[in-house]
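Spelled out from the first residue to the last, the chains are:
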Amino acid sequence: MRQENLIRVKGLAERTLVSNHATWECEYWTRATDLRAGYEGLEGSRRRVADHLAAAGILPAELAWSPVEIRPEHRKDEKGNPTNAIEFHVLRQSATVRT
């Protein structure tokens, strides 16, 4: 990490702390009625996250991707109760940077 990314910690004493390790996590998600479209949307987000991190100097070896999590959202009836019909899917993934 760059020198300007310092954390100041206060306790019984006060001093500058320089870390040689950092962990940062980013989560992104998409909603889609069709799983194929959902995966395509998630892949576009993944590319944008990877490009942004690469531009910030993050190396591919410092980046890990979680498995895709898929959660169906069920249509609700007139009383607001969930039915068995799936209205859309929520696809989620995260990227973790460890330096």
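Calculation rules
Residues numbered from 1 in each chain as written. Predicted model: local features only at pLDDT ≥ 70, side-chain atom pairs only at ≥ 80, totals over all residues. Heavy atoms only, no water. Helix = DSSP H or I, 4+ residues; strand = E, 2+ residues; numbered from the N terminus. Polar contact = N/O pair within 3.5 Å; in protein donor to acceptor, adjacent residues only side chain to side chain. Contact = heavy atoms within 4.5 Å. Core = buried A, V, L, I, M, F, W, Y, C linked by side-chain atoms within 4.5 Å. Buried < 20%, exposed > 50% of the residue type's maximum accessible area, 1.4 Å probe, protein only. Patch = residues over 30% accessible without salt bridge, like charges linked within 9 Å, V, L, I, M, F, W, Y side chains within 5 Å. Areas by Shrake-Rupley, 256 points an atom, 1.4 Å probe, with all protein chains shown as cover. Salt bridge = Lys/Arg side-chain N within 4 Å of Asp/Glu carboxyl O.

Caption draft 1: Structural context of the side chain of Gln93. Tracing the sequence through the fold places Gln93 in strand S6 (residues 82-98). Reaching out from Gln93, the side chain makes a polar contact with the side chain of Tyr28 at a distance of 2.8 Å. In this structure the side chain of Gln93 is engaged in a polar contact, spanning 2.7 Å, whose partner is the backbone oxygen of Ser66. The contacts of Gln93, once residues within four sequence positions are left out, are Cys26, Glu27, Tyr28, Leu42, Arg46, Trp65, Ser66, Pro67 and Val68.

Caption draft 2: Focus on the nonpolar core. Counting 10 residues, the largest nonpolar core consists of Cys26, Tyr28, Leu42, Val49, Leu53, Ile58, Leu63, Leu91, Ala95 and Val97. Going through the elements one at a time, strand S3 (23-32), helix H1 (35-55) and S6 are the ones with two or more residues in this core. Once residues within four sequence positions are removed from consideration, Val97 is found in contact with Ala22, Thr23, Trp24, Leu53, Ile58, Glu62 and Leu63.

Caption draft 3: A nonpolar patch on the surface, seen in detail. Residues Leu35, Tyr39, Val68 and Ile70 make up a contiguous nonpolar surface patch of roughly 300 Å² in combined accessible area. Looking at Tyr39, the relative accessible area reads 41%, which means it is partly exposed.

Caption draft 4: Seen up close, the environment of Arg46. Inspection of the secondary structure puts Arg46 in helix H1. Using a relative accessible area of 26% as the deciding quantity, one classes Arg46 as partly exposed. Expressed as a C-alpha distance, the spacing of Arg46 and Ala95, which sit 49 residues apart in the sequence, is 8.4 Å. Leaving out residues up to four positions away in the same chain, Arg46 has contacts with Tyr28, Trp65 and Gln93.

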